Amino acid sequence: MSYIQVEITDDQWNGNILQKVSAISSDLLCAIDGDGKFIYINATWEEVLGYNKELLHKNYLSVVSPEDKSVTREVVQAAIQGRPIKNFVNYCLHLNGKQVPVSWTATWSAEDNVLSCLGRNASDLETARQKLLEKDEWHNVVVQHGSDMVGLLNQAGDYIHVEGAITKLGYQPGHLMGCNVLHFIHPEEAGMVENALARLSEEEVVQVPDFRFRASDGEWRWIDAIVSNQLQNPAIEALVVSSRDITKRKLTTLKLAESERRFRSLFDNNPDLVIYEDREGNILDANPRFLSFLGLGKHEVLSKKLCDFVPAEAGELCASNLEKAFQGEVANFHLQFKVEPNKLVSLNVTKIPLLVNGAVIGVHSIVEDVSEAYMAQSTIQKQAETLHTIFESITDAFFMLGEDWRFKLVNSEFERVLQLKREQCVGKTIWEVFPELINSSFYHYYKKALGTGQTVKFESYLEESKIWLEVKAFPSEEGLLVYFSDITEAIIAKQEREKLSLVASRISNGVIITDPAGRIEWVNNGFTRNTGYVLEEVKGQPLSTFLEGPETDLAKAKEIEEKLQVGVPFNILVLYYRKSGERVWISMDFTPVHNEEEEITQHIVIQKDVTFRKEAEERQQEMTRDLFRQNRDLQQFTYIVSHNLRAPVANAMGLADFLTKLDKHSEMYDTSLAHLKTSVFKMDTVLRDLNLILSLRDQQDISEREVFALADIFEQVRLNFLESLSQHNGEVLVDIDPTIRLNTNRAYLYSIFYNLLSNAIKYRSEARQLQVKMQGQVCPNGGGLRIDFSDNGSGFDMAKAGSNVFKLYKRFHANTNKKGRGIGLFLVKTHVETLGGNIELKSKLDEGTQVTIQLPSEVFTGEKP
């Protein structure tokens, strides 16, 4: 084979290739000169845009859509400047006026002064792009307006993507980014959800049981979720969670279940007989009480009718009222029939229709057994870069200075505190941004840190921003790391505390500052005046211990301790003792002091001496008690006048008038005169009783005290009744410590023992030997003196006596032939109360009477005889 060598120039070669490419290319090829006019177009122009050779020497903008001319001109100018055009799309005008999208690639040849262009019909690309936009729009609409929430979790369970209806829970998608999903799940369901997620190692898709998810407002919302394991899918590499808020449906279900349980419980535990019947009267359900009443099992009752268990005539009444209930009315009727010759059963029956969608589907019959009653009375950010996250998470404001004093970094807290944007600072020197810092404390401390390589910490006022700053500067190889925080509020608070301290030291009330546990840190002069203690004596001690005394209510200290832990203001009134031992009533107002984290840091206590007010209240209470006693005596007095005195006076007046009409020598005159004398004697007895009562009342506050032995006074009373006791074979058993000595009114105590022993003898039982027991003992811990007196006499019915036991002229013993005026127990109670004590009486008919007297410790001297 031989070859023929032909020499072809570069221009010939390029021209041939260009002609061949132009002939077969489906792309638009053209050349534009420096004046913007076409100097070449290929045949494809006619196929795509309808133009041929007539376009030559015309400006390229003549085929560009008016809307795209401006941007096209800018792109062409940029190409001429040396920036090639790549994939620039604009709209060109077809010869017929239709707009055709074209994607252009072009380059400028400065040597030829020509812009060579290649364009492709971008209609298909534009259509595809439009469809993609429509698809994205459809997806966004579904996600944003649908009810489903979609999230992507990494293998650790942290959110890496969130979209959908998450805003319905109050969150924006960015709020959850980087947060672990278990952080939002209710503790009671967290374990269940973890177990469900663990199953994804074996199953690709897991339906998670319903669980509660915390919304942004703290409310728990019920969620239904399906999780798909796409960790191995290279396009996703996450757990895909599709969830939906089902709170309304879940709560409805829970309420329905609760309602069903409640109804079942009411049905089964109803004390009445309850059954459920259909339209034919068949029993479909019966509660245990109904079965128990009949003594039958449920299988023996179901499908039978109520009328099967009652007589025929009662059955007809049941059937007619069942029909009435199925008409939508509540039917109530009464059944009464005999089950045995002498046993009558009375039933109150209520038939209640059960309506569903307006139709009665059954009837509940409630049968109340009223037999006994009838017989008795006829019945609820996206995760960012690690450095940025750490940087922005610093709670203090932060900036970094280079060795040239220029800002290299600032965080968002820096921007917030100083009200500056990082663009205003980064790259500039600190002295350019804050010229007022030159020669200030900031300048000297920063220079010191860089010069010595040691950390510095200081507080200073930034005049430009009008704030106080606490600054910590750490030198490093790259410059200076500076952390600072706004302590303006703390400084102002400190200044205010100093002012308050000055005020507190001058006011008359006591002021105490304690730590969170209630231990004293500071007291003012008012506290010292109120208690007698100075700061050095009480510092570090619990608030109450050193102020407590014999009469202090120890429960108050526990109450103070408990309320201090709650952390809310409160007031308490306590009886304390000064250092001198003097009693003082203190009203204390406690106010907790909280820090920014709402933790209690201190308590402020304001003390006020309210002894004068408290003593005034006690005096007022004593006056109230005196008025009550006097009012009671006045009522007794009125009773005597209206009942005991009026009758004999009326009799006497009537007899006096009657005597004037009789013959002085007649037997009737003598009889009437004797009756008149009896009435006058009765008036005298009543008047003497009145005199006794009034004298007791007048002498209540003037009782004469003397020291005597308790045993001696009772022995005197016993000897006084020795003859009567011997006559009735009575026995007195005495258990009184002879060392007990009293300092009180001797006559009152004698009268108390006298009346008690007198009543015991007078109302003795004829069926047994009289036995009287007398015991006196000192109660421990200053409890005073207790006296127990009992007899085995006839006794009386306490229920009938009621509240009249200690009233005047009241007698309760069944043996009414005993002489007496019903004044003895009245005198006993009056004397006991005058001595400051109290009395209790118990009695049983035909068993005897027990009396317990409690006298206060003031009457007990403790002296030896």
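Reading guide: rules and limits
Residues numbered from 1 in each chain as written. Predicted model: local features only at pLDDT ≥ 70, side-chain atom pairs only at ≥ 80, totals over all residues. Heavy atoms only, no water. Pairing = 2+ DSSP bridges. Helix = DSSP H or I, 4+ residues; strand = E, 2+ residues; numbered from the N terminus. 1 Å grid on protein atoms, 1.4 Å probe; cavity = no way out; pocket = protein on both sides within 12 Å on 5 of 7 lines; lining within 4 Å. Points joined across faces, edges and corners; volume = space filled by probe spheres on them. Nonpolar A, V, L, I, M, F, W, Y, C, P; charged D, E, K, R; others polar. Axes fitted to C-alpha atoms, helices over the stretch in contact; angles between N-to-C directions. Parallel < 35°, antiparallel > 145°, perpendicular 65-115°, else oblique. Left-handed = near helix turned anticlockwise from the far one by under 90°. Contact = heavy atoms within 4.5 Å. Salt bridge = Lys/Arg side-chain N within 4 Å of Asp/Glu carboxyl O. Buried < 20%, exposed > 50% of the residue type's maximum accessible area, 1.4 Å probe, protein only. Patch = residues over 30% accessible without salt bridge, like charges linked within 9 Å, V, L, I, M, F, W, Y side chains within 5 Å. Areas by Shrake-Rupley, 256 points an atom, 1.4 Å probe, with all protein chains shown as cover. Lys, Arg positive; Asp, Glu negative; His and termini not counted. Charge placed at Lys NZ, Arg CZ, Asp CG, Glu CD. pLDDT = per-residue confidence, 0-100.

Draft legend 1. Looking closely at the pairing of strand β20 (residues 479-486). Summarising the sheet, strand β16 (residues 397-402) and β20 pair through 6 bridges and their orientation is antiparallel. Looking across to β20, one finds that Gly402 is bridged to Gly479. Sheet topology note: the strand β19 (residues 467-476)/β20 ladder contains 8 bridges and is antiparallel. Along β20, the bridge assignment pairs Ser476 with Gly479. Counted between consecutive antiparallel strands, the loop separating β19 from β20 contains 2 residues.

Draft legend 2. Quick look at empty space enclosed by the protein. What the largest cavity holds in volume is close to 250 Å³. Taken together, 22 residues line the largest cavity, and the ones lying closest to its centre are Tyr159, Val181, Phe213, Val241 and Ser243. Contributing elements (two or more residues each) for the lining of the largest cavity: β6 (148-153), β7 (159-164), α6 (187-198), β8 (205-214), β9 (220-230) and β10 (238-245). Ranked by the residues each element gives to the lining of the largest cavity, the list is headed by β6, at 4 residues. Partitioning the lining of the largest cavity into residue classes produces 19 nonpolar, 2 polar and 1 charged. The computed volume of the second largest cavity comes to approximately 160 Å³. Considering the residues around the second largest cavity, the lining is formed by 17 residues, among which Ile32, Tyr60, Thr72, Val76 and Trp104 are closest to the centre. Contributions of two or more residues to the lining of the second largest cavity are made by β1 (28-33), α3 (69-80), β3 (85-93), β4 (99-109) and β5 (114-121). Here the residues of the lining of the second largest cavity sort into 15 nonpolar, 2 polar and no charged.

Draft legend 3. Layout of the packing of helix α21 (residues 710-720) against helix α23 (residues 746-762). Relative orientation of the contacting elements α21 and α23 amounts to 45 degrees, with a least axis distance of 9 Å. Our classification of the angle between α21 and α23 gives oblique. For the pair α21 and α23, the sense of crossing is right-handed. Only Arg746, Leu749, Tyr750, Phe753, Tyr754 and Leu757 of α23 make contact with α21, whose side of the interface consists of Leu710, Ile713, Phe714, Gln716, Val717, Arg718 and Asn720. Grouping the amino acids of the contact of α21 with α23 by side-chain chemistry returns 9 nonpolar, 2 polar and 2 charged.

Draft legend 4. Region of the structure containing the pattern of salt bridges. Counting across every chain of the model gives 25 salt bridges. Between Arg199 and Glu203 there is a salt bridge, with its nearest N and O atoms 3.6 Å apart. When its relative accessible area of 33% is taken as the criterion, Glu203 is described as partly exposed. With a closest N to O distance of 3.3 Å, Glu582 and Arg578 form a salt bridge. Members of the salt-bridge network, linked through shared partners, are Glu188, Glu189 and Arg212.

Draft legend 5. View of a negative patch on the surface. A contiguous patch of negative charge, built from Asp486, Glu489, Glu596, Glu597, Glu598 and Glu599, is present on the exposed surface. Looking at where Asp486 falls in the secondary structure, it is placed in strand β20. Looking at Asp486, the relative accessible area reads 39%, which means it is partly exposed.

Draft legend 6. Structural view of the confidence of the model for the protein chain. Looking at the protein chain, the pLDDT average stands at 80 and 83% of residues meet or exceed 70. Taken element by element, the protein chain is modelled with least confidence in helix α1 (residues 10-24), mean pLDDT 55, and with most confidence in strand β30 (residues 785-791), mean pLDDT 93. Here residues 1-13 is a poorly scored stretch, pLDDT under 50, and it has 1 contact once near neighbours within four places are set aside; other chains count.

Draft legend 7. The arrangement of the packing of α23 against helix α25 (residues 824-834) in detail. Following both chains from N to C, one finds α23 and α25 inclined at 150 degrees, their axes separated by 9 Å at the closest point. It follows that α23 is roughly antiparallel to α25 by the angle criterion. When you trace α23 past α25, the crossing you get is left-handed. Facing Tyr748, Ser751, Ile752, Asn755, Leu756 and Asn759 of α23, the residues of α25 in contact are Gly824, Leu825, Leu827, Val828, His831, Val832 and Thr834. Looking at the contact of α23 with α25 residue by residue, the classes come out as 7 nonpolar, 6 polar and no charged.

Draft legend 8. Looking closely at a nonpolar patch on the surface. Taken together, the side chains of Leu354, Val356 and Ile361 present a nonpolar region at the surface, about 220 Å² in accessible area. On the accessibility criterion, Val356 (38% relative accessible area) is partly exposed.

Draft legend 9. View of the environment of Asp272. Mapped onto the elements of the fold, Asp272 is located in the loop between α7 (247-269) and β11 (273-277). Residue classification places Asp272 among the partly exposed positions, given a relative accessible area of 21%. When the C-alpha positions of Asp272 and Phe290 are compared, they lie 7.5 Å apart, and in sequence the two are 18 residues distant. Dropping the residues within four chain positions of it, Asp272 is found in contact with Asn287, Arg289, Ile366, Val367 and Glu368.

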